[in-house]
Amino acid sequence: GDGVWDEFNIIFENPEGLAISAAKVYDLSGAEVASLKAGTYNSEASLAWDGRRSGGGKAAAGIYIYQFKAGDKTYNGTVVLAR
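Residues numbered from 1 in each chain as written. Predicted model: local features only at pLDDT ≥ 70, side-chain atom pairs only at ≥ 80, totals over all residues. Heavy atoms only, no water.

Caption draft 1: Summary view of the overall build of the chain. Tallying secondary structure elements over the chain gives zero helices and seven strands in all. For 83 residues, the compact-globule estimate of 2.2 N^0.38 gives 12 Å, and the C-alpha radius of gyration of the chain, at 13 Å, lies within 12% of that figure. The buried share of the chain, taken over its 83 residues, is 25%. For the chain, the proportion of contacts with a sequence separation of at least 24, taken over those separated by at least 6, is 51%. (Helix = DSSP H or I, 4+ residues; strand = E, 2+ residues; numbered from the N terminus. Rg over C-alpha atoms; globule rule 2.2 N^0.38 Å. Buried < 20%, exposed > 50% of the residue type's maximum accessible area, 1.4 Å probe, protein only. Contact = heavy atoms within 4.5 Å.)

Caption draft 2: Inspection of the pattern of salt bridges at higher detail. Applying the stated criterion across every chain, the model contains two salt bridges. Among the salt bridges present, the one from Glu7 reaches Lys37, with a minimum N-O distance of 2.9 Å. Taken together, the residues span a long stretch of sequence, with Glu7 in the segment before β1 (8–12) and Lys37 in strand β4 (residues 37–38) at a distance of 30 residues. Between Lys24 and Glu32 there is a salt bridge, with its nearest N and O atoms 3.3 Å apart. (Salt bridge = Lys/Arg side-chain N within 4 Å of Asp/Glu carboxyl O.)

Caption draft 3: Local environment of the sheet that holds strand β2 (residues 20–26). Taken in spatial order, the four strands make up an open sheet running β3-β2-β6-β7, and their pairing is antiparallel. At either margin of the open sheet sits one strand with a lone partner, and together these are β3 (32–35) and β7 (73–81). Each strand of the sheet is rotated relative to its neighbour by a mean of 25°, with strand direction disregarded. Where β2 and strand β6 (residues 62–70) come together, five bridges link them in antiparallel fashion. Of the residues in β6, the one forming a bridge with Lys24 is Gln67. (Pairing = 2+ DSSP bridges. Axes fitted to C-alpha atoms, helices over the stretch in contact; angles between N-to-C directions.)

Caption draft 4: Seen up close, the nonpolar core. Within the largest apolar cluster, 15 residues are counted, with the highest numbers of intra-cluster contacts made by Ile10, Val33, Leu36, Leu47, Trp49, Tyr64 and Phe68. Broken down by element, the residue count for this core peaks at three residues, all from β6. Setting aside residues up to four positions removed in sequence, Ile10 forms contacts with Leu36, Ala45, Ser46, Leu47, Tyr66 and Phe68. (Core = buried A, V, L, I, M, F, W, Y, C linked by side-chain atoms within 4.5 Å.)

Structure below.
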């Protein structure tokens with residue numbers, strides 16, 4: 001909440017302008033934690049997560065999995081949330 005590193009941003013190339021869908025964050029048990037939102041990082045194609053659960057509360061520190069679809073392809077990775 002101090003304005004520094006408050007969001008995790010996934011920056012990607014999307015030259016074909018594919019629709020981005022199913023952009024979610026999951027905990028390691030596979031439970032959905034939050035939806036990724038459209039990012040505003042330097043006007044690049046990006047998705048962002050502010051470290052909060054869907055209900056607005058802060059997610060616990062730990063390792064999370066992000067996943068989104070671009071066209072027919074699914075992309076995923078991990079992010080560590082430190083508090």
